[in-house]
Every structure is written in structure tokens, then in C-alpha cells.
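What the coordinates show
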Amino acid sequence: MTGESVVLSGMRSTGKLHLGNYFGAVRNWVELQERYDCYYFVADWHALTTDYADPSKIADNTLEVVADYVASGLDPERSVIFVQSLVPEHAELYLLLSMITPLGWLERVPTYKEQIRELENRDLATFGFLGYPVLQTADIIIYRADFVPVGEDQRSHLEISREITRRFNGFYGPIFPEPEALFTPTPKVPGLDGRKMSKSYANTIDLADEPEEIRRKCQGMFTDPLRQRRKDPGHPETCNLYQFHLLVSPPETQEQVARDCRLAQIGCVDDKRLIADRLIEFLTPIRERRAELMRDRSMLLDIVRDGSLRARQRARETMERVREGLSMGYHNGEAG
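Our subject in this report is the structure included herewith. As the structure is a prediction and not an experimental result, all values here were calculated from the model. (Residues numbered from 1 in each chain as written. Predicted model: local features only at pLDDT ≥ 70, side-chain atom pairs only at ≥ 80, totals over all residues. Heavy atoms only, no water.)

Further remarks concern the overall build of the protein. For the protein, the count of helices and strands is 14 helices and five strands. Taking the principal axes of its C-alpha atoms as reference, the protein extends roughly 80 × 45 × 40 Å. Out of the 336 residues in the protein, the part that is buried amounts to 51%. The contacts in the protein between residues at least 6 apart in sequence include a share of 78% that link residues at least 24 apart. Of the accessible surface of the protein, which amounts to about 16,200 Å², a share of 50% is contributed by carbon and sulfur atoms. Taken together, the 43 basic and 52 acidic charged side chains of the protein have centroids lying 4 Å from each other. (Helix = DSSP H or I, 4+ residues; strand = E, 2+ residues; numbered from the N terminus. Buried < 20%, exposed > 50% of the residue type's maximum accessible area, 1.4 Å probe, protein only. Contact = heavy atoms within 4.5 Å. Areas by Shrake-Rupley, 256 points an atom, 1.4 Å probe, with all protein chains shown as cover. Lys, Arg positive; Asp, Glu negative; His and termini not counted. Charge placed at Lys NZ, Arg CZ, Asp CG, Glu CD.)

Turning our eyes to something else, we now look at the nonpolar core. Counting 54 residues, the largest nonpolar core has Leu19, Tyr69, Ile205, Met221, Phe244 and Leu279 as its most contacted members. With residues near it in sequence (within four places) discarded, Met221 still touches Leu192, Ile205, Leu241, Phe244, Lys272, Ile275 and Leu279. Core analysis: the next-biggest nonpolar cluster, separate from the first, contains 37 residues, Ala43, Tyr143, Ala145 and Leu326 among them. (Core = buried A, V, L, I, M, F, W, Y, C linked by side-chain atoms within 4.5 Å.)

Evaluation of the coordinates by the stated rule reveals 23 salt bridges. Glu34 is paired through a salt bridge with Arg78; the nearest N and O atoms lie 2.1 Å apart. Of the two residues, Glu34 is situated in the loop between helix H1 (19–32) and strand E2 (37–43) and Arg78 in the loop between helix H3 (58–71) and strand E3 (79–83); the sequence distance between them amounts to 44 residues. Here Arg78 falls in the partly exposed class, since its relative accessible area comes to 31%. (Salt bridge = Lys/Arg side-chain N within 4 Å of Asp/Glu carboxyl O.)

Taken across its seven residues, E2 has seven buried, putting it largely inside the fold. Where burial is concerned, the two faces of E2 agree: the one with Asp37, Tyr39, Phe41 and Ala43 and the one with Cys38, Tyr40 and Val42 are both buried. Where E2 and E3 come together, five bridges link them in parallel fashion. Opposite Val42, over in E3, you have Val83 as the bridge partner. (Pairing = 2+ DSSP bridges.)

Close contact between helix H4 (residues 89–98) and helix H14 (residues 297–325) brings their axes to 10 Å; oriented N to C, the two are set at 30°. In terms of their interaxial angle, H4 and H14 are classed as roughly parallel. The handedness of the crossing between H4 and H14 is left-handed. Contacts between H4 and H14 pair Glu89, Glu92, Leu93 and Leu96 from the former with Arg312, Ala315, Arg316, Met319, Val322 and Arg323 from the latter. Of the residues that constitute the contact of H4 with H14, the class distribution is five nonpolar, no polar and five charged. (Axes fitted to C-alpha atoms, helices over the stretch in contact; angles between N-to-C directions. Parallel < 35°, antiparallel > 145°, perpendicular 65-115°, else oblique. Left-handed = near helix turned anticlockwise from the far one by under 90°. Nonpolar A, V, L, I, M, F, W, Y, C, P; charged D, E, K, R; others polar.)

Between the first and last C-alpha of helix H13 (residues 268–295) there are 38 Å, a value that for 28 residues agrees with the 40 Å anticipated at 1.5 Å per step. Maximum bend of H13: about 45°, positioned at Leu283, with proline Pro285 one to four residues after it. (Expected span 1.5 Å × (residues − 1). Bend = angle between axes of the 7 residues up to and from the residue.)

A separate point is the side chain of Asp139. Looking at the secondary structure, you find Asp139 in helix H8 (residues 132–141). Buried within the structure, Asp139 lacks any salt-bridge partner; Arg12 is the closest side chain of opposite charge, at an N-O distance of 10 Å. Side chain to side chain, Asp139 and His90 meet in a polar contact 2.7 Å long. Apart from residues lying up to four places away in sequence, Asp139 is in contact with Leu8, Phe41, His46, Gln84 and His90. (Polar contact = N/O pair within 3.5 Å; in protein donor to acceptor, adjacent residues only side chain to side chain.)

It is worth spelling out the pairing of E3 at this point. Two faces, one strand: in a regular strand the side chains alternate between the faces of the sheet. Of all five residues making up E3, five are buried, and the element is well covered by its neighbours. Of the two faces of E3, the one holding Ser79, Ile81 and Val83 and the one holding Val80 and Phe82 are both buried throughout.

Here we take up the packing of aromatic side chains. This model, assessed by the stated rule, comprises twelve aromatic pairs. Aromatic side chains Phe23 and Phe282 sit 5.5 Å apart centroid to centroid with 20° between the ring planes, which places their arrangement in the stacked category. Taken as a pair, Phe23 in helix H1 and Phe282 in helix H13 lie far apart in primary sequence, 259 residues in all. A residue is classified by how much of its surface remains accessible, and Phe23, at 1% relative accessible area, is buried. Relative to Phe82, the ring of Phe41 lies with its centre 5.5 Å away and its plane at 20°, an arrangement referred to as stacked. Within this pair, whereas Phe41 is found in strand E2, its partner Phe82 is found in strand E3, the two being separated by 41 residues in sequence. One exposure class covers both Phe41 and Phe82, and it is buried. The ring of Trp105 carries Arg167 above its face, with NZ or CZ at 5.9 Å from the centroid. Above the face of the Tyr201 ring, Arg195 is positioned so that its terminal group lies 4.0 Å from the ring centre. (Phe/Tyr/Trp six-rings, centres within 6.5 Å; stacked < 30°, edge-to-face > 60°. Lys NZ or Arg CZ within 6 Å of the ring centre and 35° of its normal.)

What follows is the structure, encoded as C-alpha cells:
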């Protein structure tokens, strides 16, 4: 911990992380822990907003995510790695924020309607799903976070948290800093089918995938739709395979593949084998470290318990301030 500004971020416990999660978030988190006081959590309560009907996998999924965090380079000594539900103060602040959050604000959140469309096979007409941004706000401000790392395309996701924070401070005093976006580079990470990599589309390459699985997935990758035959010139700038080279291949390989593709000197099948080799080489250290962690669950549980205790200490300090602002100091042994 550096004693500098506080950064907060997290992911839902929906299972193993994939390359999209890594390049879109976790890789940046690893760099941020060198410069900030960082809190990174696994959002198991958030997972319940969509998986409430069958929560049986959430606990195991939570440990999977923690293993991915640590294997990817997050250091439990430099960052606070914790689980949302092990810091019950999140729920208390969530309740208090819900008292002052206008219903219309929640109904206008773009991702609310998007997810209802995407997950149409689930009943999401619940208070918990509608109130997702309120819990998200509690997650952030309970640590008095100064920054939340996001990509430019996620700016709007943070804005409602800033609005809720501003409204709460307007009623009860300047208890919380308004969290600011910390814009971080988030390269495009396509899925196997060319769409955004997402568990919802079943088009991911997971950090835990074995070499044989990576090769199998690469063989089924979507390629240049304009290249119909082996002898046709390719278009790397629009080819799904080449986007993966930009992520994991060295510059000289990227240049050679782009040149050979345009001159039809390499075919898509050969390129799939090549990108599989590069992905395997890139992911092997993460996969091996992850496997080591998963073999010793006690180590993972120690990381989670220690991090959650550290997180809860700061959360308790925040809630003391909140209760004082609400003139409910008797919770802290004071009246009036």
C-alpha cells in the first residue's frame, strides 16, 4: 500500500476469467498497484442479481476469479484482494444509498435495458437487478475511492455512481469523494466468432485453457470474410486472427503476418496454428501459476480472508462517518 490515492475495481464471480477480462482490466490493475492504494474485489453479491435462482456455483467461481487475479500478477501484499460479501458494510451503505436514489435514474441506465435483452431467458424484473448501480456505488465509495479504472466506452457506467454520491453528499455533507474515471488502455479483444469476447457468447479463450483446448478453439476462429480462397490476398486490418496477433505476438511477427497475409503467402489455417502457438506461449505462465493456486485452496482462502479483513477496516471507518452524517451516531456509541 502506497498511501496515495485509492483505486477500486472488481469483477463478478461468474467463473474463470478470459483474455477479454485480462486485457480489458486485470493487466491494467497490475500496473496500477505500483502507484496507488488498490482495492480489487470479487463481486459475489452482484452475481446474484442474475444468478439468484441457482447460486450453487458462486462460491467456487469466486475462488476461480481470485486465482486468476493472483496468477495474472495482482499481489496480495500490495493490493487488497477481497470478496464483496465478506465486507457486510457494503450492504448497509447500499441500503442507505437506496433511500435517496431516484427510481428514474435507475430505469434510464443503458446497460439495464441491454442486459434484459441479452439475458431474456432469465427473469430480471427484480429490485436487485434494477438496483445494481446503487450497490455498485456502495462498492466504490465505501473505500472512499478516488479513481475507478475504466475504458472510454465505460464512462457512462461510472456517471450514475457520481450522481448518487453527489446527491448523498448534498443531503448529509461531504462524506465521500466523487469517484473519477481513471481511463486506462483497453485494446479490442474479439471473441472466437468476431464479436466481443464474452461468456454470454461462449466465444472465449480462458486464462486457464490448456494448450490442446487453445488449439481447438483457434481452429474454429472466424477469419477474414473477404478471403474466400488460399490464393486470395488477405486483409489483416479486418481479420479476427490478426487482432489476436496484436495482443500477444511480438512486433516482428505482427509485421510478417500482415505482409504475408496481404501477399497470400500465408493461409488462414497456417495462421491459426501460429496464433495458437503465440497464445499458448503467452498464457502458460498464468495457467501454471493458477493451477498451483487451485491445488492449494487454503492459500486462496487465506488471501481472501486477509484481504477482506483489511477491506473491512476501511469500510468500517467510512460507515462511522456516514452514521455521523445521518445523525445516527448512537451506532458508534454516541447519541444525537
